[in-house]
Structure formats: C-alpha cells, structure tokens
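Observations on the model geometry
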Amino acid sequence: MELLVLFGVLFILLAIGVPVAFSLLAAALCCFAAMGIPPIVAVQRVAAGISVFTLMAIPFFIFAGDLMYRAGIADRLVRVADAAVGRVRGGLGIVDVGASMMFGAVSGSAIASASAIGSTMVPLMRDKGYPGDYAVNVTVTAAIVGLLIPPSHNMIIYSAASGIGVSIGDLFLAGIIPGLLTGAMLMLAAWVVARRRGLPVGRFPGWREFIRAAAYAIPGLMTAVIIMGGILSGFFTPTESSAVAVIYTVLIGAFVYRSLGWRGTWEAAAKSVRTASMVLFIIAAATAFGFALALLEVPAALASLIALMTENPLLTLLIINLMLLALGTFMDMAPLIVITTPIFLPVAMGVAVDPVHFGIIMMLNLGIGLVTPPVGSVLFVGSAVGKVPVTALVRTIWPFYLTLIAALLLITYVPALSLWLPQVIGQ
C-alpha cells in the first residue's frame, strides 16, 4: 500500500506538470504519512542529501561551464575542429562532434555543450546548406559525450549516491576512453548520414589556419589538463579542482581572450546560482524519495526479482540497462542517479561488476535519456537553439540514437574500456 502511495503520487504529480523535485518530495512525504513516520524525517533526509562535501564541486563546475561559454571558448573550439576535419563530406557534422567533445572536456555538462556549441554550429551549418534537423541531432547527441569526458558533475553525484566512496578521480579517468570511443562512433554516424543525404563538402583552410586556430584554443583546453593533472598528482582534490577551474576560466577569459568582463561574469554567476540551486534541490528531494524506497525494501526486492529472472551477469546488465533507459525517458538525470544508484549498484556488484565501471554505464545510459522524449532536456534545448520542432528531430535522430545504444553496449560488456586507465595510472 505504501509503495502504491509513493509511486502513485509521483506519477500523478509528474503527469500534471509539477516539477520533478516537488513531485519527489511530495511523494516521499505522502509515503511517510502512510507509514506513520513523522514529516520531520523528510526534512532530515533533505538536509542529509545535500550535506555532502563532494557536492560543493557541482556549483563551481556549473559556474566554470557558463564562464567558458561567455568567454568564447566554444567558438575557438569550433574553429580548430573545422580547420582539422571540415573538408570531408558532412565535415561540419564531424566538427560539431569534435567541438562538443572538447567543450565537454572543459565544462562537463551536456546542456551547456548543447547550448554553447549549438548556438555556434547550428546557424553555421544552415548557412552552408545543412538541414536544420541534421544540425540539431548531431549537436544534442554529441553533447552526451560531455557526460563521460571529465570533469563531469554527474560523476560527483554518483560517487555521493553510491554510499561506498567510489573515487571521483577513478571515475574521471574511467570516462576518458569511453568518451573518446562514443565521440568517434558519432563522427562516423555523422559522416554516413551525410553521405546518404548528399550533404555539402567543406574545404581545408590550410595548415597555417589550423595552427592559428589550435593556438587560440589551447588556453581553453588547458582547463581539463589542469583539473586532471592536479587531481592525479594529488595537488588538489576533485572538489578543490572545481574552484581552480573557475579561477582559471576567469583569468583566461579576462586576460587572454579578453572577452569576459564584469557584466558577463556577474550574469554567469547569477545563472549558475539558479541552476545549481535547482540541481541541489533535486538531489535533496531525491534523497528523501530514495530513503522511502529503502524503508520499503525496494532495492532488495528488485535484486531478488532480477536474480529470479537470471543469474547470468550479461543478462543482468542488459536488464539493468533496459530499466535505466526506460526510467530516463521521463525523469531527469540527477534525481535518477540519486534514486537508482542505491538500487542497481548492489545488484551489479553482486554479479562482479566494478562500481567504477557501473558508474560509466550509468552516465551514458541516463545521458541517452536526455535526448529521448518525453523529458529529454538536452533534446528540447537543441530544439530551442536550432528552432526545429522536436517532432521533426525525432523522425531523423534514429541513426545517432542507435549509435549511442551501440556505444552503451560496448562500454557495458567490455569493462577494460572503463577500467584500464584507472588501473594503469592508479598503480
């Protein structure tokens, strides 16, 4: 009965358009009331959900990502990618993926990547004769790569939600090869689709232009190098690295690129405060909801159900992936990480899946949900930026969607892709 109350209230509120955080919190409160638990417990769980030191990195990484956009780093990354690969058929689609990978490496946010790269690439691709749906579909699916290439604040949320202290540094390292692999597969998909649709061929601007574009982009790309280098050397923690990212971005934006002033910094700070507040409130509400699930022993029941269905590790991971893909279609990524990690991580570890590897599986799996209707926040951002209806995007996104699914299967069933770097560098 209590479980019916919990999910019934949640689905009803989501169906009538109540924001996710309020829906989660209201569902938890109703469940506690049905169980005879004082409402103060919900308040305590909300407070506990955000009283985690590592979560301090989230506002700083969000702030750094917005500063990078306003400093013009995205434009410079587009130029270097265009100079490198823009001459092949559908070259601007490949450029889009490459620029998204580089921007993801310095921002760690799919929405920031879709906004920053999309606002630059989509108009440029349209001017060169590319269809709007192709431009937006490449942009939104390539933005998912930023969830894998460090730094990624969603990995920080996963580490906090795991309850077993999964190393953020190991997660950052584990995402590099899967991120590069997913990006390369999306580039191939962009090229294949471009050939089938007869899209334009670009031109090579010459080595001089390429070197110039690369030189302008290097200061921006150094953000990721400084963050990972500092973490791996032990010079600062992942949480401290987020503050270093902000300071470095302000310095290069103001004194190297000279495109970031007081007004831009203030606007970025104001927007980042709003975004971080929403993310942290969602995490807090999801923690209360997850506590209700734990009281009702849902994780144990689900683990028993999966064990009854199969004891095969390969099938177990397939079932978990299908469940996460289904959940990702109607709920945003941050609350899903908080809610589902305590449920599925023990099941995965029960079939000998490394928690670092499982974290990378979750990042890509739930990232695919960001480009899947009806929620699909990144898909809607791309639709707004490119001024293309979501219905038109969905009709032609399937080659890129299938590519992401193929990448997910590779990452799921080839653990070495995720675990090789942490093992080698951790020795």
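As shown above, the structure is provided for reference.
Because the structure is predicted, anything quoted here is derived from the model rather than measured.

1. Observations concerning the packing of aromatic side chains
On inspection of all chains with the given rule, the structure shows 7 aromatic pairs. Seen in terms of ring centroids, Phe7 and Phe289 are 5.9 Å apart; in terms of plane orientation they differ by 85°. Their pairing is edge-to-face. Pair noted here: Phe7 is in helix α1 (residues 2–15) and Phe289 is in helix α14 (residues 262–295), with a separation of 282 residues, a long-range link. On the numbers, 6.0 Å between centres and 75° between planes, the contact of Phe235 with Phe236 is edge-to-face.

2. Here we look at the packing of helix α9 (residues 153–162) against helix α17 (residues 333–350)
Between α9 and α17, the shortest axis-to-axis distance is 9 Å and the interhelical angle comes to 35°. In terms of crossing hand, the pair formed by α9 and α17 is right-handed. Between α9 and α17, the contacting residues are Asn154, Ile157, Tyr158, Ala161 and Ser162 on the first element and Met333, Ala334, Ile337, Val338, Thr341, Pro342 and Leu345 on the second. Here the residues of the contact of α9 with α17 are counted per class, giving 9 nonpolar, 3 polar and no charged.

3. Topic: the pattern of salt bridges
Any two side chains of opposite charge can pair if their charged atoms end up close together. Using the criterion set out here, one finds 3 salt bridges in the structure. Across the salt bridge formed by Arg70 and Glu267, the nearest N and O atoms sit 3.1 Å from each other. With a gap of 197 residues between them, Arg70 in helix α4 (residues 57–70) and Glu267 in helix α14 connect regions that are remote in the sequence. What makes Glu267 partly exposed here is its relative accessible area of 32%. We note a salt bridge from Glu267 to Arg263, for which the minimum N-O separation is 3.2 Å. Residue Glu267 and its partner Arg263 are located together in helix α14, separated by 4 residues, close to a single helical turn. Judged by its relative accessible area of 67%, Arg263 falls in the exposed class. Beyond isolated ion pairs, a larger network of salt bridges with shared partners links Arg70, Arg263 and Glu267.

4. A short note on the side chain of Thr265
Checked against the element boundaries, Thr265 lands in helix α14. Ignoring any residue separated from it by four or fewer positions in sequence, one finds Thr265 in contact with Phe63, Leu67 and Leu260.

Reading the values: rules and limits
- Residues numbered from 1 in each chain as written.
- Predicted model: local features only at pLDDT ≥ 70, side-chain atom pairs only at ≥ 80, totals over all residues.
- Heavy atoms only, no water.
- Phe/Tyr/Trp six-rings, centres within 6.5 Å; stacked < 30°, edge-to-face > 60°.
- Helix = DSSP H or I, 4+ residues; strand = E, 2+ residues; numbered from the N terminus.
- Axes fitted to C-alpha atoms, helices over the stretch in contact; angles between N-to-C directions.
- Left-handed = near helix turned anticlockwise from the far one by under 90°.
- Contact = heavy atoms within 4.5 Å.
- Nonpolar A, V, L, I, M, F, W, Y, C, P; charged D, E, K, R; others polar.
- Salt bridge = Lys/Arg side-chain N within 4 Å of Asp/Glu carboxyl O.
- Buried < 20%, exposed > 50% of the residue type's maximum accessible area, 1.4 Å probe, protein only.

By themselves, these observations are geometric and do not establish any function.
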